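Secondary and tertiary structure notes
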Amino acid sequence: MTRIGVYPGTFDPVTLGHMDIIRRGAKLVDRLVIGVTTNPSKSPMFTLDERMEMVRREVADVAGEIHVVAFDSLLMDFAEREGAKVIVRGLRAVADFEYEYQMAGMNQQINPRVETVFLMADVALQPIASRLVKEIAIYGGDISKFVTPTVRADVVARVDRIGRRGS
């Protein structure tokens, strides 16, 4: 039986922290499905199609069977459709744990056949968050420590198009 895991997120943009969890999560399952979604409470910098392409490009050289799939449904319904028995989530800090713990509990109530597995972020990558990467870029800061060179180029090009803020 193939062990399938889902790593969900908005990936707006995909960061080195995301890539760390993808590399490590891919080692835990036979197939890792990266579920790219749009969070209604967030304002994305990139369209769903752009984020899908960005993630596909970034995971091309990662070992393991990795599929990048868009979804716009309850995570547990998506996991069921993909045949997943595991949800992979990354944790950076205590604040992440509180949110993720609550989500895991709710998800367990929705679908008890799917387990949530938490991976601690690499210590060097713990402060990275897509939201902060976008904010730094919009104000003209250097994001090269937080994303790959190709993602940096994508973000810089988008900021150039939408306009920088600050002096």
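Whatever comes next refers back to the structure up there.
A brief structural summary.

Here we come to the overall build of the protein. A count of helical and extended segments in the protein gives six helices and five strands. The C-alpha radius of gyration of the protein comes to 16 Å, within 12% of the 15 Å expected for a compact globule of 167 residues. For the protein, the C-alpha atoms occupy an extent of roughly 55 × 30 × 30 Å along the three principal directions. For the protein, the residues scored as buried account for 43% of the 167 residues in total. Carbon and sulfur atoms make up 54% of the accessible area of the protein, which totals about 9,400 Å². Of note, the protein has its 22 positive side-chain charges centred 2 Å away from the centre of its 22 negative side-chain charges.

Let us look at the pattern of salt bridges. Tallied over the entire structure, the rule returns 12 salt bridges. Among the salt bridges present, the one from R3 reaches D30, with a minimum N-O distance of 3.4 Å. With R3 in the segment before strand 1 (4-9) and D30 in the loop between helix 1 (16-26) and strand 2 (31-36), the pair connects residues that are 27 residues apart, well separated along the chain. R3 sits in the partly exposed class, given a relative accessible area of 46%. On the basis of relative accessibility, which here comes to 33%, the residue D30 falls in the partly exposed class. A salt bridge links R57 to E58, with the shortest nitrogen-to-oxygen separation between them at 3.0 Å.

The next subject is the layout of surface pockets. Of the pockets and cavities examined, the largest pocket occupies roughly 1,500 Å³. As for the largest pocket, its lining consists of 50 residues, and the residues nearest its centre are T10, N39, K42, R89 and Y99. Here the lining of the largest pocket is composed, by residue class, of 25 nonpolar, 14 polar and 11 charged.

Between the first and last C-alpha of helix 6 (residues 149-162) there are 20 Å, a value that for 14 residues agrees with the 20 Å anticipated at 1.5 Å per step. The set of residues buried in helix 6 consists of V151, V155, R158 and V159. For helix 6, the arc enclosing every buried residue in end-on projection is 100°, short of the 170-degree limit, so these residues lie on one face. Those residues of helix 6 that are exposed and angled more than 90 degrees off the buried face are P149 and R161. One or two steps after helix 6, the chain reaches G163, where phi turns positive at roughly 100°.

Bringing the nonpolar core into the picture now. I22, L32, I34, V55, V59, I66 and V155 are the most contacted members of the largest nonpolar core, which has 32 residues in total. Sorting the residues of this core by element identifies helix 1, strand 2, helix 2 (48-59), strand 3 (65-70), helix 5 (130-138) and helix 6 as the ones contributing at least two each. When sequence neighbours within four positions are dropped, the list of residues in contact with V59 reads M19, I22, I34, I66 and V68. Residues V6, L75, M76 and V114 belong to the second largest nonpolar core, which totals 11 residues.

Here we come to the side chain of K134. Tracing the backbone through its elements, the reader meets K134 in helix 5. Of the polar contacts made by the side chain of K134, one reaches the side chain of D12; its length is 2.8 Å. Apart from residues no more than four positions distant in its own chain, K134 is found in contact with D12, P13, S43 and M45.

Rules behind the numbers
- Residues numbered from 1 in each chain as written.
- Predicted model: local features only at pLDDT ≥ 70, side-chain atom pairs only at ≥ 80, totals over all residues.
- Heavy atoms only, no water.
- Helix = DSSP H or I, 4+ residues; strand = E, 2+ residues; numbered from the N terminus.
- Rg over C-alpha atoms; globule rule 2.2 N^0.38 Å.
- Buried < 20%, exposed > 50% of the residue type's maximum accessible area, 1.4 Å probe, protein only.
- Areas by Shrake-Rupley, 256 points an atom, 1.4 Å probe, with all protein chains shown as cover.
- Lys, Arg positive; Asp, Glu negative; His and termini not counted.
- Charge placed at Lys NZ, Arg CZ, Asp CG, Glu CD.
- Salt bridge = Lys/Arg side-chain N within 4 Å of Asp/Glu carboxyl O.
- 1 Å grid on protein atoms, 1.4 Å probe; cavity = no way out; pocket = protein on both sides within 12 Å on 5 of 7 lines; lining within 4 Å.
- Points joined across faces, edges and corners; volume = space filled by probe spheres on them.
- Nonpolar A, V, L, I, M, F, W, Y, C, P; charged D, E, K, R; others polar.
- Expected span 1.5 Å × (residues − 1).
- Arc of directions from axis to C-beta.
- Core = buried A, V, L, I, M, F, W, Y, C linked by side-chain atoms within 4.5 Å.
- Contact = heavy atoms within 4.5 Å.
- Polar contact = N/O pair within 3.5 Å; in protein donor to acceptor, adjacent residues only side chain to side chain.

Just distances and angles here, no functional claims.
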